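Fold and contact review
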Amino acid sequence: HVDDLGSAILAAALAAHLPHRVYNLADAEPTQARSYADEVAAALGVPRPPTVPSNDSSPAARELLGGDRRVRNRRLVEELGVVLAYPSWRDGLRQELERRARRERIRLRLRALKRLPLATNARSAVHRINQIARDVEIARHISGCHPSP
């Protein structure tokens, strides 16, 4: 997850001494590509991706999908003291899906606000402007866009 990557980079940059030159950033829950793809599809409510027989795949695809690429983050955690915000890929997936759902709700609300007729009195106009300003601020926060001071 990007937040965990940022924490790891910051921890390495601030360390007085790095005992090793390379640190792996990975969660603590190994999984296989098939399991990952199936769970992402289930979370999105879409059908599972098809399974392609290995003899129908290219040698590079067989190597990529069939190889054992387990990575340990022990040194990152023990030596640099990094605490992962998303210790499992499932946690990161859940957070990303929630973020996307919030953005979609805001987008739909802004679209609905644009279709409303103009206010007939000052109180309604002020209320509507305040609603739009809050929605824009939430959208900026979610997207990471913050106005310059």
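Our subject in this report is the structure included herewith.

Parameters and conventions
- Residue numbers here run from 1 along each chain, matching the order of that chain's written sequence.
- It should be noted that, the model being predicted, local features are given only for residues of pLDDT at least 70 and side-chain atom pairs only at 80 or more, the latter also being counted only at that level, while totals for whole chains, interfaces and linings use all residues.
- Remark: hydrogens and water are excluded; side-chain values derive from all non-hydrogen atoms of the structure.
- The salt bridge definition used is simple: a Lys or Arg side-chain nitrogen within 4 Å of an Asp or Glu carboxyl oxygen.
- Counting from the N terminus, the helices are the DSSP runs of H or I reaching at least four residues and the strands are the DSSP runs of E reaching at least two.
- Partly exposed residues are those whose accessible area sits between 20% and 50% of the maximum for their type, while under 20% is buried and over 50% is exposed, using a 1.4 Å probe and protein chains only.
- Every helix has an expected span of 1.5 Å times one less than the residues it contains.
- Throughout, the arc means the angular range of directions from the helix axis out to the C-beta atoms.
- Here a residue-residue contact requires only that any non-hydrogen atoms of the pair lie within 4.5 Å.
- Think of a polar contact as two N or O atoms within 3.5 Å of one another; within protein, one of them needs to be a possible hydrogen donor and the other a possible acceptor, and neighboring residues in sequence only count if both atoms come from side chains.

Attention now goes to the pattern of salt bridges. Oppositely charged side chains may form a pair once their charged atoms are brought near each other. Applying the stated criterion to the full structure yields 10 salt bridges. Arg 34 is the salt-bridge partner of Asp 38, the closest N and O atoms lying 2.7 Å from each other. Here Asp 38 and its partner Arg 34 are both found in helix H2 (residues 33-44), four residues apart, which amounts to about one turn of the helix. Residue classification places Asp 38 among the buried positions, given a relative accessible area of 17%. Residue classification places Arg 34 among the partly exposed residues on the basis of a relative accessible area of 27%. For Glu 96, the salt bridge goes to Arg 100, with nearest N and O atoms at 2.8 Å. Here Arg 100 and Glu 96 lie together in helix H5 (residues 89-115), a separation of four residues that amounts to about one turn. A relative accessible area of 22% means that Glu 96 is categorised as partly exposed. The class for Arg 100 is exposed, based on a relative accessible area of 54%. Three or more residues are tied together by salt bridges with common partners; here these are Glu 29, Glu 39 and Arg 90.

In a regular helix each residue adds 1.5 Å, so 13 residues correspond to 18 Å; helix H1 (residues 2-14) covers 18 Å between its end C-alpha atoms and thus fits that length. Listing the buried residues of H1 in full gives Asp 4, Ala 8 and Ala 11. Relative to the axis of H1, the buried residues are bounded by an arc of 65° and lie together on one face. Within H1, the exposed residues directed more than 90 degrees away from the buried face are Val 2, Ile 9, Leu 10, Ala 13 and Leu 14. Residues of H1 that are buried make contact with helix H4 (74-80).

Another point: the environment of Arg 94. With respect to the helices and strands, the residue Arg 94 is situated in helix H5. Taking the C-alpha atoms as reference points, Arg 94 and Ala 43, 51 residues apart in sequence, are found 8.2 Å from one another. A polar side-chain atom of Arg 94 sits 3.1 Å from a polar atom in the side chain of Asp 91.

None of the figures reported here should be taken as evidence of function without further support.
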